[in-house]
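# Analysis of the macromolecular model
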Amino acid sequence: MGQVTFIKKEIQREKESTFINCSREWLSTILNLSIHDENKKIVTDAPEAIPLLIKAMKKGSMETRSNSAATLFTLSALDVNKVKIGEAGAISPPVELLDQGSSMAKKDAAVAIFNLCIMHDNRARAVRDGAVLDSAHIFLIFSSKNPT
């Protein structure tokens, strides 16, 4: 619990540009912490956490973008986080990753979108952001080792 509190304080202190530059390490740490259920809400209680994940997913390297998608996927397991993530505008970046990402990034992005769409308000956001894919494309993402 103390580690999550420390990370939250560091996220709140960091300037956006500094965070993006060191995002690989931060995102790996946040991802590892967010795997544990008791940490999921604590991480998203930091008001800067979701916006920084979004920015890292838009501007980062493929590894950073993949870690961001995985983090959104793990954080979106909680209903309260689904609402926060959707309201923060975090559906569009994983949608973009479906076309541009590595196979693991595509899978994490697809699962994050699926989790987020369990909440009704997020479904409309997902449609608006272009997440409506044909079933063959979704099947390809989940079944292929090298999706297109």
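Before any of the text, the structure's been laid out above.
These remarks concern the structure in this document.

Definitions and limits used
- Residues numbered from 1 in each chain as written.
- Predicted model: local features only at pLDDT ≥ 70, side-chain atom pairs only at ≥ 80, totals over all residues.
- Heavy atoms only, no water.
- Helix = DSSP H or I, 4+ residues; strand = E, 2+ residues; numbered from the N terminus.
- Buried < 20%, exposed > 50% of the residue type's maximum accessible area, 1.4 Å probe, protein only.
- Contact = heavy atoms within 4.5 Å.
- Areas by Shrake-Rupley, 256 points an atom, 1.4 Å probe, with all protein chains shown as cover.
- Salt bridge = Lys/Arg side-chain N within 4 Å of Asp/Glu carboxyl O.
- Polar contact = N/O pair within 3.5 Å; in protein donor to acceptor, adjacent residues only side chain to side chain.
- Arc of directions from axis to C-beta.

## A closer look at the overall build of the protein chain
- The helix and strand inventory of the protein chain stands at 11 helices and 0 strands.
- In sequence order, the protein chain lays out its α and β elements as α-α-α-α-α-α-α-α-α-α-α.
- Buried residues in the protein chain amount to 47% of all 148 residues.
- Of the contacts made within the protein chain by residues no fewer than 6 positions apart, 72% connect residues no fewer than 24 positions apart.
- Accessible area of the protein chain: about 7,600 Å², with a carbon and sulfur share of 56%.

## Focus on the pattern of salt bridges
- Scanning the entire structure with this criterion turns up 4 salt bridges.
- Taken together, the salt bridges that share partners define one network made up of Lys41, Asp45 and Lys84.

## Quick word on the side chain of serine 34
- Tracing the backbone through its elements, the reader meets serine 34 in helix H3 (residues 23-34).
- A distance of 2.7 Å separates a polar atom in the side chain of serine 34 from a polar atom in the side chain of threonine 74.
- Beyond its immediate sequence surroundings of up to four residues, serine 34 is in contact with Lys40, Thr71, Thr74 and Leu75.

## Thoughts on the side chain of serine 66
- One can find serine 66 in helix H6 (residues 62-75).
- Discounting chain neighbours no more than four positions away, the residues touching serine 66 are Met104, Ala105 and Asp108.

## Some thoughts on the environment of glycine 130
- Secondary-structure assignment places glycine 130 in the loop between helix H10 (120-128) and helix H11 (135-143).
- A sequence separation of 38 residues divides glycine 130 from serine 92, and the C-alpha atoms of the two residues are 7.6 Å apart.

## Quick word on helix H7 (residues 79-87)
- Within H7 the residues assigned to the buried category are Asn81, Lys82, Ile85 and Gly86. The buried residues of H7 occupy an angular sector of 130 degrees when projected down its axis, which confines them to one face.
- The first or second residue beyond H7 is glycine 89, which carries a positive phi of 85 degrees.

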